[in-house]
Amino acid sequence: MKPIEMKPNVYWVGGIDWDLRYFHGYVTPRGSTYNSYLIIDDKITLVDTVKHYLADEMLERISTLVDPEKIDYMLVNHVEMDHSGSVPRVMEAAPRATIVTTSKAKRALEMHYKKDWEYMIVKTGDELKIGSRTLKFVETPMVHWPDNMVTYIPEERLLLSNDAFGQHIASTERFVDELGWDIVREEAASYYANIVFPYGAQVMKALDVVDTLPLDMIAPSHGLIWRSYLPELLKEYRKWAGNETDRKALVVYDTMWGSTRKMALALREGLETSGVPVTMKSLQTSHISEIVPHLLTAKLVLVGSPTINNGMLPTMAAFLTYIKGLRPKKRTGFAFGSYGWGGQGAREVASVLKDMGWEMPEETVNLQYVPGKEDLAGLKEIGTRLAKAI
Ligand SMILES: Cc1cc2nc3c(=O)[nH]c(=O)nc-3n(C[C@H](O)[C@H](O)[C@H](O)COP(=O)(O)O)c2cc1C
Ligand SMILES: [Fe+2]
Ligand SMILES: [Fe+2]
């Protein structure tokens, strides 16, 4: 288990979760990593840990460099258990160690692990000298838990950003440039859409601080380390956090007998003939967490459900519950669906989209049973008008 030296005496000592396919409701086809970092200075500092079942892997990597007993500081940037899950193992191996964290994180660690550890409480603006290096702390509350913090090391121009800028990718490569911008950008966008999306305002504040730091490396707690593409990454984050979208459409639908799908295809035709690219997502074939990266950058979102037992399909209810929580703003929406007698499905969809504050320039289209030629021509026309509206 080899550590990777990222800067002189600063090592990646994390764990690679090759088998992770499901991360609290987010499908992760590429697996993930939990990145912990070991800084060997006068005070030996471990930054964050790994999920509990990878503790041995992390400790083995650390042991090739120093006896874990020698760890002085266990720095906790975030309490969620993918990063703090091995803190108990570290504290057993290094009983002299002090946990360096925020007061909020201390309380949360106590509630998670019920242990009486030594703490040093830090807050934004505090600095901790560990020898030739300084740890500077910046709290980033609600990016994405109340306890989140990032740590900056000015002597290394290195930001240890925890969940921010992360991606769920298991790989032999450790640096973004080794795997390639395209793949990592795509996974960073998916990570942002599924985890960070609701906290755009807080992300903007954090980006304003990051912009003041001389930086040549950002080391997140998942996936690859950024030593290149920093301006590109920060630009993307600003765009996502600001709910800035592209002139394109996302159509999300489900269907029992194909009518709502026919409607979706007619809408697509109208949009595409008006020059708006359309991503089509059926809830039967795409998991909701695979759809939201498209929502991240689409201005126009068309959502279709038939009616089942006086309501929308449960797959659609799950999708809408999920995106309501992600709080996408500044979108234009449209609801549609086929029904037999009551027609509540499309109406329920419309009401959720309206509640999210989206613009809805077109009335909901609810068609009885199988759409005919004229119905489809009307939907195509709506597609054309929606294209003009954005
Ligand atoms: C199990 C089941 C339950 C249904 N419940 C309702 C309902 O409560 N109200 C209604 O308006 N239509 C209901 N329908 C009729 C469908 O909404 C109708 O067949 C519609 O055209 C299906 O659209 P689709 O082809 O996109 O699935 C139901 C259909 C099925 C199969
Ligand atoms: Fe987290
Ligand atoms: Fe995380």
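What this report covers is the structure whose coordinates are included nearby. Note that this is a predicted model, so its numbers are computed, not measured.

Analysis parameters
Residues numbered from 1 in each chain as written. Chains lettered and ligands numbered in written order. Predicted model: local features only at pLDDT ≥ 70, side-chain atom pairs only at ≥ 80, totals over all residues. Heavy atoms only, no water. Helix = DSSP H or I, 4+ residues; strand = E, 2+ residues; numbered from the N terminus. Buried < 20%, exposed > 50% of the residue type's maximum accessible area, 1.4 Å probe, protein only. Contact = heavy atoms within 4.5 Å. Areas by Shrake-Rupley, 256 points an atom, 1.4 Å probe, with all protein chains shown as cover. Lys, Arg positive; Asp, Glu negative; His and termini not counted. Charge placed at Lys NZ, Arg CZ, Asp CG, Glu CD. Donors = N, O, S within 2.8 Å, 3.2 Å for Na, K, Ca; no water. Tetrahedral: all angles 85-135°; square planar, octahedral: opposite > 155°, others 65-115°. Expected span 1.5 Å × (residues − 1). Arc of directions from axis to C-beta. Polar contact = N/O pair within 3.5 Å; in protein donor to acceptor, adjacent residues only side chain to side chain. Phe/Tyr/Trp six-rings, centres within 6.5 Å; stacked < 30°, edge-to-face > 60°.

### Notes on the overall build of the protein
Tallying secondary structure elements over the protein gives 13 helices and 23 strands in all. Principal-axis analysis of the C-alpha atoms gives the protein an extent of 75 × 40 × 35 Å. Counting every position in the protein, which comprises 390 residues, the buried fraction comes to 59%. The long-range fraction of contacts in the protein, counting pairs at least 24 apart against all pairs at least 6 apart in sequence, stands at 72%. Accessible surface computed for the protein: about 16,200 Å², of which carbon and sulfur atoms make up 52%. Here the protein contributes 45 positive and 50 negative side-chain charges, whose respective centroids are spaced 5 Å apart.

### Examining the coordination of the iron ion (ligand 3)
Taken together, the protein donors to the iron ion (ligand 3) comprise Asp82 (OD), His83 (NE2), Asp163 (OD) and His222 (NE2), at separations of 2.1 to 2.2 Å. What the four donor atoms of the iron ion (ligand 3) show is an angle range of 86 to 175° at the metal, which sorts the shape as irregular. Linear spacing of the donor residues for the iron ion (ligand 3) on their chain is D-H-x79-D-x58-H. In this structure the iron ion (ligand 2) is found 3.4 Å away from the iron ion (ligand 3), and Asp163 serves as a bridging donor for the pair.

### So, the coordination of the iron ion (ligand 2)
Protein coordination at the iron ion (ligand 2) comes from His78 (NE2), Glu80 (OE), His144 (NE2) and Asp163 (OD), with a distance range of 2.0 to 2.3 Å. Expressed as a motif, the donor residue spacing for the iron ion (ligand 2) is H-x1-E-x63-H-x18-D.

### A short note on helix α11 (residues 314–326)
With 13 residues, α11 should reach 18 Å at 1.5 Å per residue; the first-to-last C-alpha distance of 19 Å fits that figure. Looking only at α11, the buried set comprises Met316, Phe319, Leu320, Tyr322, Ile323 and Leu326. Summarising the axial view, the buried residues of α11 lie within an arc of 160°, below the 170-degree limit, and thus occupy one face. Away from the buried face of α11 by more than 90 degrees, exposed residues Pro314 and Thr321 are located.

### Describing the side chain of Ser338
The residue Ser338 is located in strand β22 (residues 332–339) in this model. Side-chain polar atoms of Ser338 contact the backbone oxygen of Leu367, separated by 3.4 Å. Contact partners of Ser338, with chain neighbours within four places excluded, come to Ser259, Thr260, Met263, Ser305, Pro306, Thr307, Leu367 and Tyr369.

### Examining the packing of aromatic side chains
For the structure on display, the rule yields nine aromatic pairs. Both rings, one in Tyr192 and one in Tyr237, keep their centres 5.1 Å apart while their planes meet at 85°; by these two values the pair is edge-to-face. Note that Tyr192 is positioned in helix α6 (residues 181–196) and Tyr237 in helix α8 (residues 230–241), a separation of 45 residues in sequence. Judged by its relative accessible area of 1%, Tyr237 falls in the buried class. Consider the rings of Tyr237 and Trp240, whose centres lie 5.5 Å apart with planes at 50°: the pair is tilted. Of the two residues, Tyr237 and Trp240 both sit in helix α8, three residues apart, roughly one turn of that helix. This pair shows no difference in class: Tyr237 is buried, exactly as Trp240 is. A connected cluster of aromatic rings, assembled from ring pairs, spans Phe165, Tyr192, Phe197, Tyr237 and Trp240.

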